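# Remarks on the overall topology
Single-letter residue listing:
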Amino acid sequence: MAKYKREFLVPYLRNVCSLHLLEKKIDEQIYEWRRIVRTTEGRIIPQKPQREKELDASIGCFGIFSTAMFVIYIMAIFIFGVVPFVAPIPIGLPGWIIQIFFLGAVLFAIPTFLCWKEKYENIAINRKNEEYYQEKLNEYNNRLDSAKEQARKEKIENTEILNNWIKEGQTVRGLLKKAYDANVIPGHYRGMYAAVYLYNWFSTSGADDLDHALSMFVLEEIKDRLDTIIENQSEMMLNQQVMIANQYAMIEQQKEYECMMRQKLNAIQATQEEQLSYSKMIECHTETLAFFAAADYIRDL
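Okay, so let's go over this structure. In this numbering scheme, every chain counts its residues from 1 along its sequence in written order. Note on the predicted model: pLDDT of at least 70 is required for a residue's local features to be given, and 80 or more for side-chain atom pairs to be given and counted; whole-chain, interface and lining totals, by contrast, use all residues. The side-chain figures draw on all heavy atoms in the structure; neither hydrogens nor water molecules are used.

### A short note on the overall build of the protein
Short version of the rule: The way it works is that DSSP assigns letters per residue, a run of H or I at least four long becomes a helix, a run of E at least two long becomes a strand, and they are numbered from the N terminus. Here the term buried applies to any residue with accessible area under 20% of the maximum for its type, exposed to any over 50%, and partly exposed to those in between, with areas from a 1.4 Å probe on protein chains only. Contacts are assigned to residue pairs that have any heavy atoms within 4.5 Å of one another.
Across its full length, the protein carries eight helices and zero strands. Reading the secondary structure of the protein in the N-to-C direction produces α-α-α-α-α-α-α-α. The buried share among the 301 residues of the protein stands at 38%. Sequence-distant contacts, at least 24 apart, represent 82% of the contacts inside the protein between residues at least 6 apart.

### Quick notes on the nonpolar core
One broad trend across soluble globular proteins is that nonpolar side chains are buried collectively. Rules: Nine residue types can take part in a nonpolar core, namely buried Ala, Val, Leu, Ile, Met, Phe, Trp, Tyr and Cys, and a core is a set of them joined through side-chain atoms within 4.5 Å.
Grouped together as the largest cluster of nonpolar side chains are 62 residues, with contacts concentrated most on Y12, L22, V184, L198 and F292. Where this core is concerned, the elements lending two or more residues are helix 1 (6–44), helix 3 (95–180), helix 4 (192–203), helix 5 (210–215), helix 6 (219–247), helix 7 (251–267) and helix 8 (272–294). The element best represented in this core is helix 1, accounting for 15 residues. In this structure F292 touches S18, L19, L22, L238, Q241, V242, A245 and I298, once residues within four positions along its chain are discounted.

### As for the pattern of salt bridges
Let me state the cut-off plainly: Salt bridge criterion: a side-chain nitrogen from Lys or Arg within 4 Å of a carboxyl oxygen from Asp or Glu.
One pass over the full model with this rule turns up seven salt bridges. Between E139 and K136 there is a salt bridge, with its nearest N and O atoms 3.6 Å apart. Here the residue E139 and the residue K136 both occupy positions in helix 3, the gap between them amounting to three residues, near one helical turn. We classify E139 as partly exposed; its relative accessible area is 35%. Judged by its relative accessible area of 29%, K136 is partly exposed. Put simply, K178 and E287 hold a salt bridge, and the shortest N to O gap is 3.1 Å. Note that K178 is positioned in helix 3 and E287 in helix 8, a separation of 109 residues in sequence. Salt bridges linked by common partners bring E23, D27 and R173 together as one network.

### Topic: a nonpolar patch on the surface
Heads up, the rule is: Like-charged residues are merged into a patch within 9 Å and nonpolar side chains (Val, Leu, Ile, Met, Phe, Trp, Tyr) within 5 Å, provided each residue has over 30% relative accessible area and no salt bridge. Where accessible areas are quoted, they stem from the Shrake-Rupley method and a 1.4 Å probe; at the residue level, only the protein chains shown are allowed to cover.
A contiguous nonpolar surface patch, about 330 Å² in accessible area, is contributed by I110, F113 and L114. Relative to the elements of secondary structure, F113 occurs in helix 3. Overall, F113 belongs to the exposed group, its relative accessible area being 54%.

### Side note on the side chain of N158
If you trace the backbone, N158 turns up in helix 3. Beyond its immediate chain neighbours, meaning those up to four positions away, N158 contacts W33, I36, V37 and T40.

### Overview of the packing of aromatic side chains
Keep this limit in mind: We call Phe, Tyr and Trp rings a pair once their centres come within 6.5 Å, taking the six-membered ring for Trp, and we label the pair stacked below 30 degrees between planes, edge-to-face above 60, and tilted otherwise.
Per the counting criterion, the structure on display carries four aromatic pairs. Aromatic side chains Y4 and Y278 sit 5.8 Å apart centroid to centroid with 80 degrees between the ring planes, which places their arrangement in the edge-to-face category. Of the two residues, Y4 sits in the segment before helix 1 while Y278 sits in helix 8, which places them 274 residues apart along the sequence. When its relative accessible area of 11% is taken as the criterion, Y4 is described as buried. Owing to a relative accessible area of 3%, Y278 belongs among the buried residues under this scheme. Ring centres of F8 and Y278 lie 4.8 Å apart, and the angle between their planes is 50 degrees; on these two criteria the pair is classed as tilted. In this pair, F8 sits in helix 1 while Y278 sits in helix 8, placing the two residues 270 residues apart along the sequence. For the pair F8 and Y278, a shared accessibility class is recorded, and that class is buried. Three or more aromatic residues link up through ring pairs in this structure, and these residues are Y4, F8 and Y278.

As C-alpha cells, this is what we get:
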C-alpha cells in the first residue's frame, strides 16, 4: 500500500492541483487571444466609399430630333431666302413659306436649348460627383493604409501577448512534468480531475493511503461533481497558493523551507525509492511556490 507522510503529500497534491487549475486558465487565455489575433484586421478596416449613380449626359432621341429640325429650318431659311420681312426672296418662294421656316426654327429652338442645357448640367453634376468620389476615395485609401498599419501593430502586440501566454503554459506544463516525475501518482491518474479529487480527498481528511484514494476514484461517475469543485474553488485555491508562495518569496526563505523538509525526510524511515519520491516532492514544492510568487498575473485571471 502506498502511504505517504501528510506533511509531504498534501502540499505536493496542492501544488499539482494548482498547476492544473492555472494551466486551465492559461489555456482559456490562449484561446481568447488567438481569437483576438484572427479578428484584428476585420474589426478596423474602414468602409469603401460608393460612386454616385451617373446621370444621363446625352440629349436623347427627342433632343436629336429637335436639334436636327432646328438645323434644317435654319438652313432652309438661308438657302431659300434671307430673313423674312427684311430682304427679298431670291428664288421666288412665297413669303409665307419662309415665315413657316422661321416659325419652325423658333419652335424647335426651345426644346433643343432645353435638351442641350440639361446635357451640360448633367455633365457638370457628374464631374462634381466624380471629383467628390475621388476625394473620398483618396481619404479612404489614406485611412486604409493607416488602418492596415494600425492592424499590423495591433496584431504584432496581440501575437506577442499570445506568445507570452503560450510560454507561460509551457512553463506550467514543465512544472507539472517535474511534479509527476516524483512517481507518486500513477500515470493513468495524471490529470486535472484526478489532481482535484486527490487534493480534496487528502486535504479534508486525515488519510495517507494513496492507493485507497485512487481505488475510490471513478472519473466518469464523479466528473460533474469535480467540475463544480473546480468552478467554485479554483480561484480560492489559486489565491491560497499565491498567498503561501508569497510567504516564501525570498530565496533565503525557500532554502530554509527546503532545508527543513529535507531534515524531516532524513528523520523518517523510508526506502530509497520513497526517499527519491519525497525528494522530488520537496523540489516540486519549492519550484512551484517560486513560480507562483513571481507570476503576478494570476490574481487577475
